[in-house]
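A look at the structure
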Amino acid sequence: MTTAYFTIPLSFPSISSIRADENERCETRAFLESSLTGSRPTVLEHWVMACNAVQSAEGQGLVLGCQDGTLYVFQSPNKPPSNVIDTRPPEINEPLRPKTARISKASHSNSQSASPTPSNSVLSPTFNVTAKPRVVSGITTEKVEAPKNYVDFEDEPDKLKDILKGKQPRERYSVSDSGSDRTHKSTASSVVEPVLSSKRKNPGPRSLLSATNSRAPTPPIYSAPASPRDNSSFRPPEPANPWALRYRIIPSRSGVGHAVRSIQVLENGRFLAVLQETGDMYVFSSDDGSCLATAHAGEIPLERGTGAGAKESSRPQDTWQWCNLTVSYFEETIYLVAAAATDMSTSAPTPDMEEGSLETSQCVIFEFVNTPSEVRLAKLAQWEFDGPAKGLGIHMEEDGDSTFFSISRDGHFITRVLKLRPLSSPPMVQLRVASNKNESDNHHHHHHTPHLSTLPIPNPFKSMMSRSGEYLPLKDGDNDSDVQRDAAKAALMEPHDIGFLLTDPTFSGLRFHRSEAGKLCGIAWAHRELTMFEYQQRSFKVLFHSAIVGIREAAFLDHGMYALSFENRTEVYRSKLVNADNEEVDANLVHEGMLHIQPELVRTIDIGHHDTIKFSGAHEVIISRSIEADQQLQILSYSIHSPPGSNTRQPSQTIWETRMGDFEPTSKIALTSVLPLELGLMVQGYSDGRLRQFSVAQIARKSEKISLLTSSSIKTSNLALAGYLTGLHVVQNPRTREKYILGGVDDGSIAFWSMSTFELVARWTVFITPLIKVLQFENENSGTLRGCVLCISRDGTIAVIVIDGFQFMYLVPGSAAPLKRICLGGHNLLLIYGDQRARLWDAQTRELWRSMGLDKAEELLAQGGWSDLSLEKDACVPHTLWTPISDAFIGQDAAASLSFNLERFIIDSIAVTKSISTSKDEVREILLTLDRLQLVLSALITSGLNEDVDSICYGKLGAFPSSATVGLSSATTTTLYQNESPRDVWCISSDVSASRALAIISVLRAMSLFEELAGGANTVISFYSTLLGPCVGPQFKAPSLEFLARQWFDASNELRLSIRTLFDATAAQLSDEEATTVAEKWQHHVPSLQPDAEKETLNAAMALFICGCVASEKYSLLTVNALTDISKSISLYLHDEKSIYRVLAIDLCSRGFHVWQHYTDSMEILRSLFSLSTSMRKDAISIQNVGAQARFAVLAIASNSMPLLMGTLCLDILTPPSMEHRRSVLQILAFLIKKRPHVLQPNLPRLMEAVVKSLDPNSNTNRELVLDSATEIIGYVVKTFPTVDFHMATQRLAVGTNEGAVVMYDLKTAIRLYVLESHKKQITACSFSPDGRRLVTISLQESSVLVWKVGSSFASFFNPGAPPRQGHGGSQPFKTLSFNIGSEANMTTAETLDLVRVEWVADRSVKVKIRESVLTFST
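Residues numbered from 1 in each chain as written. Predicted model: local features only at pLDDT ≥ 70, side-chain atom pairs only at ≥ 80, totals over all residues. Heavy atoms only, no water.

1. Side note on the overall build of the protein chain
When helices and strands are tallied, the protein chain shows 30 helices and 65 strands. Residues counted as buried form 57% of the 1419 residues belonging to the protein chain. Long-range pairs, those at least 24 residues apart, make up 63% of the contacts in the protein chain with a sequence separation of at least 6. Just so you have it, the protein chain exposes about 59,600 Å², and 51% of that area is on carbon and sulfur atoms. (Helix = DSSP H or I, 4+ residues; strand = E, 2+ residues; numbered from the N terminus. Buried < 20%, exposed > 50% of the residue type's maximum accessible area, 1.4 Å probe, protein only. Contact = heavy atoms within 4.5 Å. Areas by Shrake-Rupley, 256 points an atom, 1.4 Å probe, with all protein chains shown as cover.)

In structure tokens form, the structure reads like this:
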């Protein structure tokens, strides 16, 4: 299990922008809002939260994906306005599972065209359709009367020439005099039924212009469509909802080249699946923006033999641009399909693009796995196709089969059967597929496609076959067992050409959804045409086809309506069914003659310029619009359905817009880069080209002015560079050991500043993109690069500079793919890039030796002698507790935010505080630690919730008002929040509340080590763990038990105490109903109920953690079966030596052993704890410190279940399963004597008898093994307990009991000699005289001292086991002495261990000290 420290992001708005003048006005806009104005949105997505008992307060959300790879999330607490045209419920935009009654439309990301050609008139129709061609195009090859086609003889020669050349017939577009769009043309409905060629009977003559072979002829132009229908049921829009910018999501991989390309909403708005153009995929929670899962679609392909149709290894020179993400629901499983292309120009088609685009696409299928403990993306398969990336998808047939569809380069609709296997099912067997050409040809002869022998059309599958995994020849030595073992979780079967879709090679997009009838309905469009089609069970039907230019986006609405988006307008259409006379008919009635679909323009909406667009459901379209001149961003909503008589310029509804700030943008000095030097000091780079240094105390303290003054900096660089600073690093001269700050400027410059004075010492302009990374080879084997730094720009160009003397050496050119690693071996410099290629350079001659693949580069590195540097881990930045959240400049909020390693800070602070100060330096370090704790506490606490708590924090604990804000770290992502009040912090989500409260409590626990702060710190801990809810109000989100449980597994022991404090307090506040709900959610996932392969998963461990903690406190709410399963799971982890969750079982034993002992073998659990507590093996030592945890558990059990513990100890001492175990038990006994003596006191006689019997001389081997441990225990007992004494010379051991008797043992023979009985009440102390002939016993309850003769005599030789004679008859002691010390004799058993002592003055004189009283007796 990897250890991940608990970190929190801290943002400092005071340094995000600074003022040069005291009178200069500050920026008044919110922190995140300022950065949003500089972002360029690329994707917009909207969702409506499902209304239920849990999420009743959540209304709807909106997310903007940006060019820099970050996301901004907006939320509205109310339901969306209901602008409906009928009483039927609207369909949500996310596809539902096929088993539901109504299937909604699929949601898609925005796709834009770079060169749209919109119509000048917004009222002009997009489609011009006549009835005649529609009827003609529906003809099949059955013997019927030949239809009369309308032929445009002027265009016919060009069409025939194209056909003879093997090309699809192209349309000739005419431009009207008014300059509107080209004349719209349409083809008819095309039905392609799968009919085997061998079964066709008497195929009739086919026209070269029939619908199955070519586009329909040009129809006559008809009049514009009718006006929109009168909707009597229309209701005016409701008032706008109060939208607010809630948070910004910043992945660690962000900046230029990481643009967000697609967003999908999952599970009714609970999750956001995001795809960046680099192939990085994320799943975020819509509640708080936390990153729940990550994956990289562009990783190394799956291994060989992953099923038919599997992906062949990518060509290394390909640079993939990931552009599309779709989601499919099959039963209870969600699949995500990510697609990439090598030719991104197809996403922005232009009229002059050549036909037959060579775009190649790549597809990766992920399964979205959502368990109670985690969300993850499981990669199932990866393939390559010849065709556009935006034409890929999955459709579920009515019979339950899955169909994978794609669009070929020449516009054909291709389907394949997709075999999906759940992750838990056995692998599918991959069948060998024909690999030679003849078999391949014969195989494809039976495809259910139109007969193409009459036309010289090239086979669209040849290139796909040559690279598809199902046609790859198997390697030598492959066998069926290997193929079966390596089978993938998804496999594609043979392709089927279903029909012709588009002729325009500039394919732009595809939108599809599953209709109520189970059909796949789709809209496919290119730069010059659009096609709407239906598909089901290999039956393909083109509903209509039309020539149209400039489509940017398309979407299905509801009830046969759809919308098309252009550069500055949106057109809404209704699909109506018409007869041959172009008259609308009722689809529910039976009609004679041919029917076809015809679009009717319902409304044109003038939306103007926009960056992104989203059709939200069926009733509104949402756009985002950037106004760069005013640094503003607007999010607007337009109603799709307008009231009767409304015009196209109906006013929009403003969802959200940036607030204008009271500042001049040109005069603002913005933060662009931060370099942390140490915990309390950091360097900042600003947009004015200067370096400045502020302390953390300066930037964290709250002031009247939001921003700081330039004059308040500790140091400032002497010269200003022309541009903003970025990529700050620290390098060192290897000869003089002097350090320099090395940074870049946005104009491509590189600059060196002295670390001590901030003086600019060198500068070059060498790049065309800014500096991002600096590496330095410091070892002796660096060759010619020793003493040099490698400055790397964004495009991968490397500048080699000698630090000593600041000499610029040379440039190494970059690559289209990102640079990943730099390796140096002698004079050879090996650069490894993200496209699996590597370049080998001679660092001395500066020549490129060769270019190679990644496999050859790894072989070269395996030969040894190489120094390897990673751009991510080996950059020249100081290793402090602060880490910038992004390497690139992506906004002021990101630049002013740093990730703080709170757990390391707490560990170090506790270590320093607990250290013994013996010098002034150590005292100074302790005081500095307290100052740092106060600084961090100031940033974490939320003032204004309780006046008493505020007075303690700002008074006794030394905190101060802070301007810092706190975000959330999750996986590889940082989330920054925009809160208007302190209460908002606790109303975001349960995870955010848990993270914030845990951070506060952990800092307060460290401060409680200072004696003068302990009381106040504990009071504030109690407030933040138990009293937050009433102070915050009904919107309070209680800390998440799941979040705390997940943190507990990776936490250090110092942080675990804080986690336990918060977890127990939160669980204690659960009502019985809530506790039962939590237990029922997790109890079926405990390890004892899981298969062997899943017993060690995080899901099972978290289930045991949560259920175990709830059951230990509220066991009466759980069933016997549930308690039994929990107990068995604890025993399972505890007895498994290889389990990584053993420490969890130990922890639960320490808390709920009184519960588990009734449902499992409690003695076996105790024995395991004994072994773990005393194990000295190296493999038992771990970072989790299992031994210490086990000893703590034994102490806890000793306090609550002492009888069982004592019984097990005595039994295992007397009859151990092994001598090693007996030694462990004796060590545990010694440990208990030192740590819990008062607990052992009542059972001391029983334990001592077991220890004595373990020294049985009849077993010499066993006696020798335990002699040291037993002797040590006896020494501890005699030293600790006054009721036990040992005389060395005679080897006698006297043990006083609670019943008033004294048991005498002989350790030579390990037997009980006799028992002295005279006291009637508990014995307080006993002691041998120095010569061993007298024994004094004291009882405070009787206020008496008894003196016994215990020396050996001649009579005892003849009467073994009898007590010595006391000089008179009976069993009376030799002497009985009484005393009276009053109330001082009243004390507990625990107090007697420290307050009663016996000292012998001489062989016959003894002093008894009881508290302050001293009694002297003669024996």
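Next comes the rest of the account.
2. Notes on the packing of helix H19 (residues 1098–1114) against helix H21 (residues 1142–1156)
Here H19 crosses H21 at 30°, and the two axes come no closer than 9 Å. Comparing the axis directions of H19 and H21 gives the class roughly parallel. Helix-helix and strand crossings are classified by hand; for H19 and H21 the assignment is left-handed. Taken together, the residues of H21 that come into contact with H19 (itself represented by Ala1101, Leu1104, Phe1105, Gly1108, Cys1109, Ala1111 and Ser1112) are Leu1144, Leu1148, Arg1151, Gly1152, His1154, Val1155 and Trp1156. (Axes fitted to C-alpha atoms, helices over the stretch in contact; angles between N-to-C directions. Parallel < 35°, antiparallel > 145°, perpendicular 65-115°, else oblique. Left-handed = near helix turned anticlockwise from the far one by under 90°.)

3. Describing the side chain of Gln934
Position of Gln934 relative to the elements: it lies in helix H11 (residues 920–940). In this structure Gln934 comes out as buried when scored by relative accessible area, which is 15%. Looking at Gln934, its side chain comes within polar contact range of the main-chain oxygen of Leu957, at 3.2 Å. Here Gln934 is in contact with Leu957, Gly958, Ala959, Phe960 and Met1007, once residues within four sequence places are set aside. (Polar contact = N/O pair within 3.5 Å; in protein donor to acceptor, adjacent residues only side chain to side chain.)

4. Describing the pairing of strand E39 (residues 749–754)
The buried count for E39 comes to six of six residues, which makes it a mostly enclosed element. The alternating pattern of E39 places Ser749, Ala751 and Trp753 on one face and Ile750, Phe752 and Ser754 on the opposite face, and all of these are buried. Across five bridges, the pairing between strand E38 (residues 739–745) and E39 is antiparallel. Its bridge partner being in E39, Tyr740 is matched across the sheet by Ser754. Counting the residues in the hairpin turn of E38 and E39 gives three residues, including Gly748, whose phi is positive at 95°. (Pairing = 2+ DSSP bridges.)

5. Considering the confidence of the model for the protein chain
When pLDDT drops low, the exact placement of atoms in the prediction is not to be read closely. Residue-level pLDDT values for the protein chain average 79, and 76% of them are 70 or greater. Scored below 50 in pLDDT, residues 345–349 shows 17 contacts in the model against residues more than four places distant or in partner chains. (pLDDT = per-residue confidence, 0-100.)

6. Observations concerning the pattern of salt bridges
One pass over the structure, following the stated rule, counts 36 salt bridges. Where Glu267 meets Arg270, a salt bridge forms, and the shortest distance between an N and an O atom there is 3.1 Å. The exposure class assigned to Glu267 is buried, which follows from its relative accessible area of 19%. Overall, the relative accessible area of 37% leaves Arg270 in the partly exposed class. Close ionic contact of Arg511 with Glu553 constitutes a salt bridge, the shortest N to O distance being 3.0 Å. Placement of Arg511 in strand E21 (residues 507–514) and of Glu553 in strand E25 (residues 553–556) is noted, with a sequence separation of 42 residues between them. Accessibility expressed as a relative area gives 4% for Arg511, which makes it buried. One salt-bridge network, in which partners are shared between bridges, spans Arg1060, Asp1064, Asp1147 and Arg1151. (Salt bridge = Lys/Arg side-chain N within 4 Å of Asp/Glu carboxyl O.)

7. Here's the deal with helix H12 (residues 947–956)
Residues of H12 that are buried include every one of Val949, Asp950, Ile952 and Cys953, and no others. Buried residues of H12, viewed axially, fall in a sector of 160°; they line one side. Facing away from the buried surface of H12 by more than 90 degrees, the exposed residues are Glu947, Asp948 and Gly955. Those residues of H12 that are buried are in contact with helix H14 (1014–1026). The N-cap of H12, judged by a side-chain oxygen 2.9 Å from the amide nitrogen of Asp948 a few residues on, is Asn946. (Arc of directions from axis to C-beta.)

8. A short note on the sheet that holds strand E51 (residues 897–901)
The strand order E50-E51-E1-E52 describes an open sheet built from four strands, whose pairing is antiparallel. The sheet is open, and its two edges are formed by strand E50 (882–884) and strand E52 (965–966), each paired on a single side. Here strand E1 (residues 7–11) pairs with E51 via five bridges, running antiparallel. Along E51, the bridge assignment pairs Thr7 with Asn901. Contacts between helix H10 (residues 902–914) and the sheet are confined to E1 and E51, with E51 contributing the most and set at about 45° to the helix.

9. Looking at the nonpolar core
The biggest cluster of nonpolar side chains holds 165 residues, and the ones touching the most others in it are Phe900, Leu902, Leu957, Trp986, Leu1144, Leu1169 and Leu1209. Residue contributions to this core peak at 11 residues, all from H19. (Core = buried A, V, L, I, M, F, W, Y, C linked by side-chain atoms within 4.5 Å.)

10. Side note on the packing of aromatic side chains
For the structure shown, the criterion picks out 31 aromatic pairs. In textbook terms, an aromatic cluster arises when at least three aromatic residues are bridged by ring pairs, as seen for Phe405, Phe413, Phe512, Phe533, Tyr535 and Phe540. Taking the ring centre of Tyr5 as reference, the NZ or CZ of Arg904 above it sits at 5.8 Å. Above the plane of the ring of Trp1048 lies Arg1056, whose end atom (NZ or CZ) is 4.1 Å from the centre. (Phe/Tyr/Trp six-rings, centres within 6.5 Å; stacked < 30°, edge-to-face > 60°. Lys NZ or Arg CZ within 6 Å of the ring centre and 35° of its normal.)

11. Side note on H10
Its 13 residues place the ends of H10 18 Å apart at the C-alpha level, agreeing with the 18 Å of an ideal helix rising 1.5 Å per residue. Looking at the buried positions of H10, the neighbouring elements they touch are E1, E51, H11, helix H13 (990–1007), helix H16 (1041–1050) and helix H17 (1053–1068). (Expected span 1.5 Å × (residues − 1).)

12. Focus: the pairing of strand E56 (residues 1292–1296)
Counting buried positions over the five residues of E56 gives five, a clear majority of the element. Alternating positions in E56 separate into two faces, Arg1292, Ala1294 and Gly1296 on one and Leu1293 and Val1295 on the other, with burial throughout. Note that strand E55 (residues 1284–1287) and E56 share four bridges and pair antiparallel. Each residue of the ladder has a partner; that of Phe1286, found in E56, is Leu1293. Where E55 hands over to E56, the hairpin turn is made up of four residues, of which Gln1291 adopts a positive phi near 60°. Here five bridges tie E56 to strand E57 (residues 1301–1306), and the two strands are oriented antiparallel to one another. When the sheet's bridge partners are listed, Ala1294 is paired in E57 with Met1304.

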